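Structural features, examined
One-letter residues, chain by chain:
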Protein chains: 2
Amino acid sequence: MSSRAASSPNKRNARAHLLDAATKLIREKGFTATSVDELCAAAGVTKGAFFHHFASKEALGVAAANNWAETTSALFAGAPYHLPADPLDRVFAYLDFRRDLVSDEIAAFTCLVGTMVQEVHGTSPAIRQACEASIFGHAQSLVPDIAAALAAHNVHGVQPIDLALHFQAVLQGGFILSKASGDPAHAKASVAHLKAYVAMLCEVPLPQ
Amino acid sequence: MSSRAASSPNKRNARAHLLDAATKLIREKGFTATSVDELCAAAGVTKGAFFHHFASKEALGVAAANNWAETTSALFAGAPYHLPADPLDRVFAYLDFRRDLVSDEIAAFTCLVGTMVQEVHGTSPAIRQACEASIFGHAQSLVPDIAAALAAHNVHGVQPIDLALHFQAVLQGGFILSKASGDPAHAKASVAHLKAYVAMLCEVPLPQ
DNA sequence: GGCAAAACATACCAACCGGTTGGTATGTCG
DNA sequence: CGACATACCAACCGGTTGGTATGTTTTGCC
C-alpha cells in the first residue's frame, strides 16, 4: 500500500503519450498523413481521450511543436558544449554535438518542427508560428556564444543572430538531403562545411 | 478549316494542366493535403481524366517530381550564370541567380521536390527516388564549374560534388526558415553566407 | 464517505478520400 | 466504311477522415 505513484509505466497521463506518439509519427510520415485514429492507437488511448486533451488536430500540432521546443531546449541546455572556456570552442562543440546527434535512423534525428512547417506554413498559421518560435528560439540561444566568439576574433560585418540562423538553415537543409537520399551522411557533411566556414570566418585552423 | 492546331489556349492536354496545378498546390499545401478532387478542379479536368493519365496519386507525385527536374534543368541551362569566363565567377553568378529567384511569394520560389520529399520520404519510395534524382542531378550539373574554380585556386580537401550538395542543403534550409517566418529574406541571407564561404575557401575577396 | 470535476471510453456522424465504373466523343488507319 | 485506340466524363463505391454526443470511471478534496 506504500505510495507507488508514477511507478506504473503506462500511467502517465494520456496527453504526454499522445505528444510522444505524435512526435514519432509526424517525423516519420508528416502531419497531414498522420491521422487522429492512428495517433490514438499508437498512444494507446481512445479518440475520446484525444479530444478531451486537444480541441482539434491543429491544436495537437501546436502542442507538439511547443513540446518539441521544450524537449530540445532541455537537451541543449544539458549538453556538454557549454563547458569549454573559449567561446569559439563552445561554438565548435555545439556543431560537433549537432553532428553527433545524427544517427542511422532518419526519423530519429530529423527536426519535428522543420518537417511540420514545410507542410502547414500556408494552411495553419497557429502551427507555423509555434514552429517558428521553436526554430528561432533555439537560434537565439546560440547568440551569446557566437557573439563572444566573433568579438574575440575581431570578426566584423556578421550579426550573431544571422549566423545562428544560418546554422539552422544548414542543419535543416542537411536533413532534407538525408531524407531524399536515405543517407544520414549528408546531414553530417553539411555540418562539416559549416564548421569550416566558422573556422575561416574567425581565421583559426579547423579543429580536429 | 485551315489547321488551327494548338491555338485554343485551353487545349493543351489535360496531363500538362494537371502537372502545373499539382506543382502549384503541392508547393502551397504539401502533397498529402492536396486531394485529387482539388487537383482536378484546379486543372479544370474531371477525375476520370486524372486517372486516365496517372495510375494513382503516387504516380502523379512521381510525374510532378520528374516534370520539376525537367523544368528546372531548362531554367538553369538557359540562365546567364554560365557566361563569365572565370569558373569561380560562374559559381558566384550561380549563387546570385539562386538568390534573385527568391521573390515575395513563398510558394513561388520554394522547391517542389524538397517539400515533397520531406513528407513522403518514409512512405513512398517511388516519389522519394524521383525527388532525390532531381536534387542530386541538379547538384551534379554544378560540379564542372565548382571543380574548375577549386582547381584554379588550389583548394584541396574539398570534393566538388560535396560542395555542390552543400549548396543545395543551404538553399533548402533557407526555404524552411522562410516558410517558418513568412519572410523570404532568410532564404537570401543563407545564400549570402554561402557566397562568403566560397570566397574564403578560394581565398578571394567577397564580390560586390 | 460524499461529491464535483477531470479523465477517460463508446458509439456514432457527415464529409471527404483515392479509386472504379460504364460510357461517349473524336480521331485515325486500312 | 468498319475496327480500333485515345482522351475524356458523370456517377458512384467502400473506407477513412476529423469531430461530436453521451456515457462511465478515476481522482482530489472537504
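Rules of the game
- Residues numbered from 1 in each chain as written.
- Chains lettered and ligands numbered in written order.
- Predicted model: local features only at pLDDT ≥ 70, side-chain atom pairs only at ≥ 80, totals over all residues.
- Heavy atoms only, no water.
- Buried < 20%, exposed > 50% of the residue type's maximum accessible area, 1.4 Å probe, protein only.
- Helix = DSSP H or I, 4+ residues; strand = E, 2+ residues; numbered from the N terminus.
- Contact = heavy atoms within 4.5 Å.
- Buried area = accessible area lost by both parts, 1.4 Å probe.
- Salt bridge = Lys/Arg side-chain N within 4 Å of Asp/Glu carboxyl O.
- Polar contact = N/O pair within 3.5 Å; in protein donor to acceptor, adjacent residues only side chain to side chain.
- Nonpolar A, V, L, I, M, F, W, Y, C, P; charged D, E, K, R; others polar.
- Near = heavy atom within 4 Å.
- Phe/Tyr/Trp six-rings, centres within 6.5 Å; stacked < 30°, edge-to-face > 60°.
- Lys NZ or Arg CZ within 6 Å of the ring centre and 35° of its normal.
- Least-squares fit on C-alpha atoms with pLDDT ≥ 70 in both.

Once that is clear, we can look at helix α7 (residues 112-120) of chain A. Burial runs high along α7 of chain A: 9 of the 9 residues are buried. Along α7 of chain A, the residues classified as buried are Leu-112, Val-113, Gly-114, Thr-115, Met-116, Val-117, Gln-118, Glu-119 and Val-120 of chain A.

The next thing to look at is the interface of chain A and chain B. Taken together, the 43 residues of chain A in the interface contact 44 residues of chain B. Between chain A and chain B the total buried area reaches about 3,600 Å² when both faces are included, carbon and sulfur atoms providing 69% of it. One can count 0 salt bridges joining chain A with chain B. The interface formed by chain A and chain B includes 10 residue pairs in polar contact (both at pLDDT 80 or more). Its residues assigned to classes, the side of chain A that touches chain B shows 18 nonpolar, 17 polar and 8 charged.

Quick look at the protein's contact with DNA strand D now. Inspection of the region around DNA strand D gives 15 residues, with Val-36, Lys-47 and Lys-57 of chain A together with Thr-46 and His-53 of chain B positioned closest. The sugar-phosphate portion of DNA strand D accounts for 50% of its atoms within 4 Å of the protein, the bases making up the rest. In this structure, Val-36 of chain A approaches DNA strand D through a main-chain N or O atom, which is 2.8 Å from a phosphate oxygen. Sorting the residues of the surface near DNA strand D by element identifies α2 (36-43) and α3 (47-53) of chain A together with α3 (47-53) of chain B as the ones contributing at least two each. Counting residues per element, the surface near DNA strand D draws most heavily on α3 of chain B, at 4 residues. For the surface near DNA strand D, the residue count by class is 5 nonpolar, 7 polar and 3 charged.

Let us look at the pattern of salt bridges. If you walk through the whole model with that rule in mind, you get 15 salt bridges over all chains. Arg-128 of chain A is paired through a salt bridge with Glu-132 of chain A; the nearest N and O atoms lie 2.6 Å apart. Taken together, the residues span about one helical turn, with Arg-128 of chain A and Glu-132 of chain A both in helix α8 (residues 125-152) at a distance of 4 residues. Linking Lys-29 of chain B and Glu-38 of chain B is a salt bridge whose minimum nitrogen-to-oxygen distance equals 2.6 Å. Residue Glu-38 of chain B is classed as partly exposed on the basis of its relative accessible area of 27%. What emerges from the salt-bridge pattern is a single network uniting Asp-96, Arg-99, Asp-100 and Lys-195 of chain A.

Now for the packing of aromatic side chains. Under the defined criterion, the tally for this structure stands at 19 aromatic pairs over all chains. Centroid distance Phe-76 of chain B to Phe-97 of chain B: 6.0 Å. Interplanar angle 75°. Geometry classified as edge-to-face. Of this pair, Phe-76 of chain B sits in helix α4 (residues 57-77) while Phe-97 of chain B is found in helix α5 (residues 87-101), placing the two residues 21 residues apart along the sequence. You'll find Phe-76 of chain B and Phe-97 of chain B in the same group, each marked buried. Each member of the aromatic cluster is reached from another via a ring pair, and the members are Phe-76, Tyr-81, Tyr-94, Phe-97 and Phe-167 of chain A. Residue placement shows Lys-57 of chain A over the ring face of Phe-31 of chain A; its charged tip is 4.6 Å from the ring centre.

Okay, the protein's contact with DNA strand C next. If you check the shell around DNA strand C, you find 16 residues, and the closest are Thr-46 and His-53 of chain A together with Val-36, Lys-47 and Lys-57 of chain B. Taking all atoms of DNA strand C within 4 Å of the protein, the share assigned to sugar and phosphate is 54%. Thr-46 of chain A places a polar side-chain atom, nitrogen or oxygen, 2.9 Å from a phosphate oxygen of DNA strand C. Interatomic distance of 3.1 Å between a side-chain N/O atom of His-53 of chain A and a phosphate oxygen of DNA strand C.

With that settled, the discussion passes to the relation of the copies chain A and chain B. When chain A is fitted to chain B, the residual RMSD is 0.1 Å, and the transformation amounts to a turn of 180° plus an axial shift of 0.0 Å. Classification of the inter-copy transformation places it as that of a two-fold axis. Among all C-alpha atoms of chain A, that of Gly-173 of chain A lies closest to the rotation axis, at 2.0 Å. A share of 100% of interface residues in chain A that are also interface residues in chain B marks the association as one of identical surfaces.

The next thing to look at is the side chain of Thr-34 of chain B. Tracing the backbone shows Thr-34 of chain B in the loop between α1 (14-29) and α2 (36-43). Side-chain polar atoms of Thr-34 of chain B contact the backbone oxygen of Gly-30 of chain B, separated by 2.7 Å.

Quick look at the environment of Val-198 of chain A now. Within the secondary structure, Val-198 of chain A is located in helix α10 (residues 185-201). Placed 48 residues apart in sequence, Val-198 of chain A and Leu-150 of chain A show a C-alpha to C-alpha distance of 9.4 Å.

Right, let's talk about the environment of Phe-97 of chain B for a bit. Residues and elements named next belong to chain B. Judged by relative accessible area, which is 16%, Phe-97 ranks as buried. On a C-alpha basis, the gap between Phe-97 and Ala-139 in space is 15 Å, while along the polypeptide they are 42 residues apart. Ignoring any residue separated from it by four or fewer positions in sequence, one finds Phe-97 in contact with Leu-75, Phe-76, Ala-79, Pro-80 and Tyr-81.

Any functional reading would require information that these geometric values do not contain.
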